[in-house]
Amino acid sequence: MTKHFNKLTSLVLGTTLVATVASAAGGGELEKVMKARGLTENDVIRAAKTYNPTGGRDEFIVFSSGGQSGQVIVYGVPSMRILKYIAVFTPEPWQGYGYDVDSLKILRQGNIRGREINWGDTHHPALSEKDGKYDGRWLAINDKANPRIAIIDLHDFETKQIVSNKVFKSAHGGAFFTPNSEYILDAAQYAAPFDNNYHPIEEYKESYRGGVTIWKFDDKIGKIIEKDSFTVEMPPYMQDLSDSGKGVSNGWGFTNSFNTEMYTGGIEVGMPPNEAGMSRNDTDFLHVYNWEKLAKLAKDKKNVKIINGHKVIPIEVAVKNDALFLIPEPKSPHGVDVSPDGEYITVCGKLDTHASVYKWSKIKELIKSKKYTGKDPYGIPILDMKSSLHGQVELGLGPLHNQYSPVDGEIYTSLYVDSQVVKWNYKTLKVLDKENVHYNIGHLCGMEGKTADPQGKYIIALNKLAIDRFQNVGPLHPQNHQLIDISGKTMDLLVDMPLPLGEPHQAVAIRAEKLHPHVRYKMGTNSKTGKEHVGKTLAGQERIERRNAKGKIDPKGKNVFIYSTFVRSHINPERITVNKGDNVTMYMTNLERAQDETHGFTVDNFNVHASLEPGETAEINFIADIEGVFPYYCTEFCSALHLEMMGYLMVKDPNKKYVSAQKIKMGTMNKEQLDAEYKKTVAVNDATDAVIQSVVAFLKANKFGDHKTVAALVTDAFDQYGQIPAQKKLADEAYKKGDIEKAILFENMIWQLMVKTADVGIRAKDALVRLVATKQSASAQAGERTFGEGGCSGCHVIGKVSSGPDLTGALQRHENGEKWVSKFILNPEEMYDDPYVKSMIDYFNLKMPNQHMNEQETKDIIEYLKWIDENANLF
Ligand code: K7E
Ligand code: CUA
């Protein structure tokens, strides 16, 4: 009923909105588009709710697990535009991750028992918290296949640490931060022996174990401290998802499980399969443990066993200290999610149609009064299910995960089998609404939906199957994330986003304004450590050193160190010659300060690649084990002379004799020709410099220093300009020595620097004009757009005579100027005989064409011209 009513209302509202927009656009343009694309009014409203105009930003940023890709996917909400893939457990060439020395070190922190692992199965990203709310500083994510946790620094969205679990053989129930990021909870999944030895499956109950690892996190440096971390031993039930308590339940952790049957399968020996044996019991166990108390216990040697160099608290110790309990939960559950205040713990049983809501105050009371219904085979006290439940609700088939909204008691649950999201109330235990999704939803992601302060507005359905939702791209389909508007009484599915990178499980969303990533590094930073790189090289310090095994400079040494710099558009040095067999280390510093001026680097055929963000120093290393000539180049199209940003690595065999090639005689310029070219080059440079000086004068006159963004651009520009005197000196010296050819080349370099200066300088000027000019009316704004898109700007450049006259002052040039210009725009042909127009046609050898502007567009253009005249001094 409500749903029907709501759809009707939005239809009516939609029609009104469309009507308004359509009339504003004029000529029913929107209706035309809708008709052509077969869109309904509701489609258009949904589009408007998710569309970001060019340059627009999103309100929320989502960090999604990348599933089997071993990465993290970053996208914006509501636009659902992908912003980044963060390389985590998997090499990622674009970012140089795994192809340069420093990132390879991070990737190799994830080796297990000495074995290199180059992929991961990421499931649960978690954002660091302060008082149970996101602080936007760190992101942790688990690898289920190779039990590891990675830490990503949100100041640059790079992976900074990988730690491997020394006792688990798989881990699924992580990563979950405690409310002040003191610890990260990470539960095992498939029980296995903690040691690294063989134990027959018949000894499952004796030798196989589950557990929860409690990783100590230092939130100041963003690192897991392994020596202060520990694992709580648990029975070989398959521990699954977990959540940290908060508010009233702060200090506690909750982990559910399946296979409390401790079934071990054996299809091949005639046993029923795992899926039957592991789901026989009506209930499994919710594990309730006091991590705060366990952390204190772990500090005392007598409470822990050391296995593979890692601290383990045995079950008996946890039990003896009243720090571990079990509560029955409906069979084979999946998600366990603590409410924003910490009082309600909702468990979803994927084989049960119900959600079970446990109440923390009831659990606490049972623990306090030691009211147990018994003990499990490992001696862990069991609390009564009924007495700890607040209640159960029938939701539908296959409930999996939950998210919260700011509305009191409101919770959203995914129904895997029914392919639905259900909205219900965990306090009143009433179902409120259901929305179909496509298809087989796993996790769902609310906006900060599992913090102490959920933001509401949207829910994202992370569907396991897409089936028919997108163009067929072959049997392997993309995943389908669907954005749902939850701001109304009923849910409304807004848009589908295909995600073609692994199978994302959990995703977390944070308010965009809580993130404060940098745009550049301090010069010479090793981004992986945050410290100054040993290979930091400034302009003028570029060099090639040969060292011996002891690290001493030695012309006979076999270790070649190249200290290089990168700046638009050259790599210094440009020629490197080494001997076959040399161990080559190249340090690369990107000297740029300009935002987004990344350079990439590779040496062909050596399987190395680095991405150098502004200010970053990176390192590559390889053995020059093949002879030959190997071009190296910048792999990011960084400037007009990007293709020229290259050099040669030449590897020669020291045991070979090379016969030099016969030199071909080629024609060259004579002295007069060279001199003429030199003079021409200098003249071009002088003219270019004059343009720069005029821009500088404008910037100074309009106090650019008062505007932060403009000042930053000016700094970038002067970075380039400041390099000119040194080049000029070299040019003059060469000229004096009579090497005119060299002098010309240095003058060319000066021109390159000037062009780069002018490029940024003009951008700064444009930005400044916008800041100091009078505010544009809506009509003038529309006029400027029409001027650009309607073709006017093809011939007219404001402030300059181009292939058409400058339009500054155009309205004043004629009596009744506005009318005159308007007439001319609408029907130019009729005025070709007007004496003024005639003279212009003669001068420019061009006729003003009819651009078929309508009345409104013409009016807007005139408003724009008025705005130009108001600000004529700026153009
Ligand atoms: Cu896929 Cu959280 Cu690993 Cu459920 S988990 S879906
Ligand atoms: Cu630097 Cu291309």
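This structure is a prediction, so every number in the text was calculated from the model and none was measured.

Draft legend 1. Representation of the overall build of the chain in the model. Of regular secondary structure, the chain possesses 18 helices and 42 strands. Across its three principal directions, the C-alpha atoms of the chain cover 100 × 85 × 50 Å. For the chain, the residues scored as buried account for 54% of the 875 residues in total. Nonlocal contacts in the chain, meaning residues at least 24 apart in sequence, comprise 62% of its contacts between residues at least 6 apart. Approximately 41200 Å² of the chain is accessible, and the part contributed by carbon and sulfur atoms is 55%. Side chains of the chain give 105 positive and 111 negative charges; the mean places of these two sets differ by 5 Å.

Draft legend 2. Region of the structure containing the packing of aromatic side chains. Going through the model one piece at a time under the given rule, you end up with 28 aromatic pairs. Residues W138 and F217 carry aromatic rings whose centres are separated by 6.5 Å and whose planes lie at 70 degrees to one another, so their mutual orientation is edge-to-face. Linking W138 in strand β5 (residues 133-143) with F217 in strand β10 (residues 210-218), this pair joins segments that are 79 residues apart in sequence. Here W138 matches F217 in class, with each residue buried. Judged by centre distance (5.2 Å) and plane angle (45 degrees), the rings of W820 and F824 are tilted.

Draft legend 3. Region of the structure containing the site of ligand 1. In the region of ligand 1, the neighbouring residues are H123, H124, H172, L241, H334, H401, G442, H443, K464 and H505. Elements with a minimum of two residues in the shell around ligand 1: β4 (122-130) and β28 (441-446). Of the residues in the shell around ligand 1, the class split is one nonpolar, eight polar and one charged.

Draft legend 4. Layout of the nonpolar core. Of all hydrophobic cores here, the largest spans 38 residues; its most connected members are I214, F230, V232, Y289, L294, I313 and L324. At the level of elements, β9 (183-188), β10, β11 (223-234), β12 (238-244), β14 (283-290), α7 (291-298), α8 (315-320) and β17 (324-330) are the ones that each hand at least two residues to this core. It is α7 that provides the largest number of residues to this core, a total of five residues. With sequence-adjacent residues up to four places away left out, Y289 is seen in contact with L185, V212, M234, S242, G251, W252, G253, F254, T255, L294, A323 and L324. Within the second largest apolar cluster, 35 residues are counted, among which are V695, V710, L713 and I825.

Draft legend 5. Just empty space enclosed by the protein, in detail. As enumerated under the stated definition, the model contains five cavities of 30 Å³ or more in all. In this structure, the largest cavity spans a volume of roughly 240 Å³. In terms of lining, the largest cavity is formed by 25 residues, of which the most central are E129, Y134, F176, D243 and K450. Counting only elements with at least two residues in the lining of the largest cavity, the list comes to β4, β8 (171-177), β12 and β32 (507-511). For the lining of the largest cavity, the element with the highest residue contribution is β4, accounting for four residues. Taken together, the residues of the lining of the largest cavity sort by class into eleven nonpolar, nine polar and five charged. Every residue along the wall of the second largest cavity is listed here: I692, V695, V696, L699, V714, A717, F718, T757, A758, G761 and I762.

Draft legend 6. View of the pairing of strand β41 (residues 628-633). Here strand β38 (residues 599-603) pairs with β41 via two bridges, running antiparallel. Considered in β41, the bridge of V603 is made with Y632. Inspection of the sheet shows β41 paired to strand β42 (residues 646-652) by six bridges, in the antiparallel sense. The residue of β42 that forms the bridge with P631 is Y648.

Draft legend 7. View of the sheet that holds strand β3 (residues 82-87). With antiparallel pairing, four strands are arranged side by side in an open sheet as β3-β2-β1-β32. Each edge of the open sheet carries a strand with a single partner, namely β3 and β32. The average angle at which neighbouring strand axes cross in this sheet is 20 degrees, direction not considered. Sheet analysis places strand β1 (residues 60-65) next to β32, joined by five bridges and oriented antiparallel.

Draft legend 8. Structural view of a nonpolar patch on the surface. A grouping of L397, Y416 and V417 is seen on the molecular surface, where their side chains present a nonpolar patch of about 260 Å² in accessible area. Tracing the backbone shows Y416 in the loop between β25 (410-415) and β26 (420-425).

Draft legend 9. Representation of the packing of helix α15 (residues 778-789) against helix α18 (residues 855-870) in the model. Between α15 and α18, the least distance of the axes is 7 Å, while the angle of their chain directions is 105 degrees. If you check the angle between α15 and α18, you find them roughly perpendicular. For the pair formed by α15 and α18, the contact residues are S779, A780, A782, G783, E784, T786 and F787 on the first element and E857, K859, D860, I861, E863, Y864 and W867 on the second. Each residue belonging to the contact of α15 with α18 can be placed in one class, and the counts come to six nonpolar, three polar and five charged.

Draft legend 10. Broad picture of the state of the cysteines. In this structure the tally under the stated criterion is zero disulfides. For C792, which is in no disulfide, the shortest distance to another cysteine sulfur is to C795 and amounts to 9.2 Å. Residue classification places C792 among the buried positions, given a relative accessible area of 15%.

Draft legend 11. Examining the pattern of salt bridges more closely. Evaluated as defined, the whole model comprises 40 salt bridges. A salt bridge links R46 to D43, with the shortest nitrogen-to-oxygen separation between them at 3.9 Å. Taken as a pair, R46 and D43 lie in helix α3 (residues 41-50) at a separation of three residues, close to a single helical turn. On the accessibility criterion, R46 (17% relative accessible area) is buried. R547 serves as the salt-bridge partner of E545, at 2.5 Å between the closest nitrogen and oxygen. With respect to class, E545 is no different from R547; both count as buried. Salt bridges sharing common partners tie together D43, R46 and D492.

Draft legend 12. Geometry of the UniProt feature "domain: Cytochrome oxidase subunit II copper A binding" (unreviewed entry) in the chain. The residues that UniProt annotates with the feature "domain: Cytochrome oxidase subunit II copper A binding" (unreviewed entry) are residues 554-664. Between the C-alpha atoms that bound residues 554-664 the distance is 37 Å, and the span itself is 0% helix and 48% strand.

Draft legend 13. Just the packing of helix α11 (residues 671-701) against helix α12 (residues 708-721), in detail. Where α11 contacts α12, the axes come no closer than 13 Å and their chain directions differ by 150 degrees. With respect to α12, the axis of α11 lies roughly antiparallel. Crossing of α11 over α12 shows left-handed handedness. On α12, the residues touching D689, I692, Q693, V696 and L699 of α11 are V710, V714, F718 and Y721.

The rules behind each value
- Residues numbered from 1 in each chain as written.
- Chains lettered and ligands numbered in written order.
- Predicted model: local features only at pLDDT ≥ 70, side-chain atom pairs only at ≥ 80, totals over all residues.
- Heavy atoms only, no water.
- Helix = DSSP H or I, 4+ residues; strand = E, 2+ residues; numbered from the N terminus.
- Buried < 20%, exposed > 50% of the residue type's maximum accessible area, 1.4 Å probe, protein only.
- Contact = heavy atoms within 4.5 Å.
- Areas by Shrake-Rupley, 256 points an atom, 1.4 Å probe, with all protein chains shown as cover.
- Lys, Arg positive; Asp, Glu negative; His and termini not counted.
- Charge placed at Lys NZ, Arg CZ, Asp CG, Glu CD.
- Phe/Tyr/Trp six-rings, centres within 6.5 Å; stacked < 30°, edge-to-face > 60°.
- Near = heavy atom within 4 Å.
- Nonpolar A, V, L, I, M, F, W, Y, C, P; charged D, E, K, R; others polar.
- Core = buried A, V, L, I, M, F, W, Y, C linked by side-chain atoms within 4.5 Å.
- 1 Å grid on protein atoms, 1.4 Å probe; cavity = no way out; pocket = protein on both sides within 12 Å on 5 of 7 lines; lining within 4 Å.
- Points joined across faces, edges and corners; volume = space filled by probe spheres on them.
- Pairing = 2+ DSSP bridges.
- Axes fitted to C-alpha atoms, helices over the stretch in contact; angles between N-to-C directions.
- Patch = residues over 30% accessible without salt bridge, like charges linked within 9 Å, V, L, I, M, F, W, Y side chains within 5 Å.
- Salt bridge = Lys/Arg side-chain N within 4 Å of Asp/Glu carboxyl O.
- Parallel < 35°, antiparallel > 145°, perpendicular 65-115°, else oblique.
- Disulfide = S-S within 2.5 Å.
- UniProt positions renumbered as here; feature names shortened; annotations may be inferred.
- Left-handed = near helix turned anticlockwise from the far one by under 90°.

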